[in-house]
Amino acid sequence: MKQLTALLLSFICFTAAAQSDPYLGIVPAPVSVNKGKGEFKLTPETIIFADTPSSKAARYLLAYLKKNDYGNEITDLAHVDKKRLTTKNTITLSMTYKGELPPEGYELDINDERIIVKGRGAGLFYGVQTLIQLLNKKDRGYATLPAAVIKDNPRFGYRGMHLDVVRHFFDVAFVKKYIDAMAMYKLNTFHWHLTDDQGWRIEVKKYPKLTEIGSKRAQSKIGKAKPEDSMYDGTPHGGFYTQDEVSEIVQYAYERCITVIPEIEMPGHATAAIAAYPELSCDPNKAYKVVETWGVFNDIFCPTNETFKMLYDIIQEVHPLFPGKYIHIGGDEVPKIAWNSSDFARQLIADQNLRDANGLQSYFISKIEKFVNSQGRSIIGWDEILEGGLAPNATVMSWRGEKGGIAAAQLNHDVIMTPSSGGLYLDHRQSKSPEEPLSIGGFAPLSKTYAYDPVPEVLTKEQAKHIIGVQANLWTEYIATPAKAEYMLLPRMLALAEVAWSPKGNKDFKNFSEDRLAHQLPRLDAAGYNYRVPEPIGAMDTTVTGDKFSIQLKAPVEGASIHYTLDGNTPGTTDLLYTAPLALTVPAGKEVTFKCITITPSGKKSNVVTTKLKN
Ligand code: TNX
């Protein structure tokens with residue numbers, strides 16, 4: 001009986017939450033959701049029509065249905081006798097509807113008889129993503145979707161996620177899994193950080209040593225050890241993508257409406273390339289090796305004609321693999337020591353009437369930009385490319401706060417906001433708990449990522465149009481495994497998706513973190529992701545004083561349980577199960593230590609939250 005009451009209680013709480021969520025659990029929050037009455041039942045008999053069965057949206061839906069044990073096929077509307085066309089128990093995907101929708105927009109209309117999804121290009125794909133998010137699976141082949149009319153389109157055209165595959169290499173399968181997660185949340189740009197001091201990770205046929213030598217380092221620094229302490233793991237690390245693999249990934253992303261932007265770093269973060277071809281440096285006689293630790297290094301490309309020729313060759317060979325508009329040329333963290341002590345570089349500064357080495361950096365980037373433009377592409381650079389003057393057509397990625405982005409927008413350059421101070425550096429730790437894994441430092445809890453707004457108030461309306469979007473970055477100095485990469489990515493990537501997609505006025509952290517995330521995390525479980533499990537909602541790592549305490553908690557993941565102890569021990573599955581609010585009385589002069597934890601149906605655990613109740 002007791003168990004039944006608990007069950008009923010949690011059932012009542014759950015339906016109340018679902019009803020109060022204006023966005024039906026959808027992430028990112030759509031522009032508008034009008035809830036209807038009843039629900040649509042997807043059964044094995046449901047007919048799915050598409051006017052464009054070859055569309056990415058139709059193929060994605062078909063693949064999803066197959067993978068998840070729904071037997072439904074997709075029928076080409078063109079092959080259906082219109083006179084006998086029934087709309088009962090149908091889902092229709094339409095790209096050839098009348099009227100207009102905003103760029104990348106879609107409409108999803110669900111009632112108890114039929115579903116219609118409208119959208120062109122990526123719009124229809126996003127409509128399908130929302131449809132999939134609304135599927136409440138009941139059984140093999142059966143699901144329900146709540147009746148609603150959803151109208152939706154993104155706030156920004158550039159919605160990016162970055163992955164550093166240099167500091168640690170991630171294989172093709174993982175990169176695809178990363179792209180899959182992006183697609184689920186309507187992100188559309190994958191920034192692939194392919195070269196750096198610690199490795200060169202893309203095959204260039206004209207310069208084979210870039211990967212023969214440059215893709216391997218002898219060992220890696222252990223944890224946070226200082227370089228001078230010489231603490232290394234003694235284990236070689238390496239890897240690179242062949243051009244075929246690159247094409248496979250680009251195609252995989254394209255199928256999911258995601259554009260891949262390659263980053264080829266210059267003139268700094270270039271030691272791996274220099275280790276392979278020392279003639280790229282200002283001091284070719286020095287001994288170079290692929291870097292085994294993290295940081296900023298002095299060995300940068302020398303601005304000689306030979307260097308430019310080689311960089312042009314590399315760009316020329318590589319850019320056809322990436323059909324998007326942009327090539328990211330890096331440009332960040334360029335120490336000028338090597339140039340300032342090079343006769344050649346100093347002479348070039350004088351010959352070109354440049355002010356100093358910063359001017360030379362600008363000269364370098366402008367030359368590269370000219371070449372990239374001649375190939376029909378545009379460059380993106382980190383905000384350091386502003387130093388010494390911005391190349392004429394460059395898009396700026398603002399990472400050292402928003403200053404660079406603001407300056408660039410005021411100069412009428414396009415900007416992508418990705419400030420490390422804005423919770424967008426997903427290598428920063430997610431909480432202050434000592435249970436968090438080792439990270440580079442910084443503090444970027446989910447709430448901080450969520451709260452970020454990419455449009456600084458100082459910009460005029462016209463200048464603000466240059467903020468084309470926003471991105472979060474996953475640098476991997478301290479992320480050596482796919483499991484940890486996923487832990488750092490999720491769920492913060494969902495917050496980023498909402499920053500990038502949803503109208504500012506629809507953002508609500510309480511609704512996002514307490515209702516919708518709880519609905520999304522089991523989907524990530526089902527798809528095999530290792531996300532960071534949030535602590536029980538309402539639990540606080542703190543000391544509270546008084547004599548009577550009421551503790552009210554909510555599971556942050558649908559179906560998860562909360563276990564707790566009152567004796568200071570770490571709670572686990574064998575400890576007390578939270579089912580209803582607790583009322584505790586602490587005697588005068590005493591202290592009770594309440595510890596709680598979230599445990600998901602798949603067995604994933606949150607950090608422990610400790611609350612000291614003191615009288
Ligand atoms: C700065 S962001 C870097 C990277 C590091 C990162 C670590 C940027 C353009 N440069 O090289 O990996 O910080 O958070």
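Look a little higher up for the structure.
Note that the structure is a prediction, hence the values are computed from the model and not measured.

Here we come to the layout of surface pockets. Size it by volume and the second largest pocket reaches roughly 700 Å³. Taken together, 28 residues form the lining of the second largest pocket, with Gln430, Ser431, Pro445, Arg532 and Glu535 sitting closest to its centre. A per-element tally of the lining of the second largest pocket places helix α17 (residues 509-526) first, with 5 residues. Looking at side-chain class alone, the lining of the second largest pocket contains 15 nonpolar, 7 polar and 6 charged residues.

We now examine the environment of leucine 321. Looking at the secondary structure, you find leucine 321 in the loop between α8 (305-318) and β16 (326-330). Its relative accessible area of 14% is what places leucine 321 among the buried residues.

A few words now on the site of the ligand. All residues adjacent to the ligand are Arg167, His269, Asp332, Glu333, Trp382, Trp399, Tyr425, Asp427, Ile440, Trp475 and Glu477. Within the side chain of glutamate 333, an N or O atom sits 3.4 Å from a nitrogen atom of the ligand. The contact in question runs from an oxygen atom of the ligand to an N or O atom on the side chain of glutamate 477, over 2.6 Å. Bound to the protein, the ligand loses 92% of the 360 Å² it would expose on its own. Residues that form the shell around the ligand fall into these classes: 5 nonpolar, 1 polar and 5 charged.

With that settled, the discussion passes to the packing of aromatic side chains. This model, assessed by the stated rule, comprises 21 aromatic pairs. Ring geometry for tyrosine 178 versus phenylalanine 190: centroids 5.7 Å apart, planes at 55°, classification tilted. Within this pair, whereas tyrosine 178 is found in helix α4 (residues 172-184), its partner phenylalanine 190 is found in strand β10 (residues 189-193), the two being separated by 12 residues in sequence. Among the residues examined, tyrosine 178 registers a relative accessible area of 1% and is labelled buried. Owing to a relative accessible area of 0%, phenylalanine 190 belongs among the buried residues under this scheme. With 4.9 Å between their ring centres and 45° between their planes, phenylalanine 308 and phenylalanine 364 make a pair best called tilted. You can see phenylalanine 308 sitting in helix α8 and its partner phenylalanine 364 sitting in helix α11 (residues 357-374), a full 56 residues away along the chain.

Here the focus is the sheet that holds strand β27 (residues 609-614). Read from one edge of the open sheet, 5 strands run β21-β27-β26-β23-β24, paired in mixed fashion. Bordering the open sheet on either side are β21 (542-545) and β24 (576-577), each of which pairs with just one other strand. As judged from the 2 bridges shared by strand β23 (residues 561-565) and β24, these two strands associate in the antiparallel manner. Paired with histidine 563 across the strands is leucine 577, a residue of β24.

About the cut-offs
Residues numbered from 1 in each chain as written. Predicted model: local features only at pLDDT ≥ 70, side-chain atom pairs only at ≥ 80, totals over all residues. Heavy atoms only, no water. 1 Å grid on protein atoms, 1.4 Å probe; cavity = no way out; pocket = protein on both sides within 12 Å on 5 of 7 lines; lining within 4 Å. Points joined across faces, edges and corners; volume = space filled by probe spheres on them. Helix = DSSP H or I, 4+ residues; strand = E, 2+ residues; numbered from the N terminus. Nonpolar A, V, L, I, M, F, W, Y, C, P; charged D, E, K, R; others polar. Buried < 20%, exposed > 50% of the residue type's maximum accessible area, 1.4 Å probe, protein only. Near = heavy atom within 4 Å. Polar contact = N/O pair within 3.5 Å; in protein donor to acceptor, adjacent residues only side chain to side chain. Areas by Shrake-Rupley, 256 points an atom, 1.4 Å probe, with all protein chains shown as cover. Phe/Tyr/Trp six-rings, centres within 6.5 Å; stacked < 30°, edge-to-face > 60°. Pairing = 2+ DSSP bridges.

Don't take any of this as a statement about function, it's just geometry.
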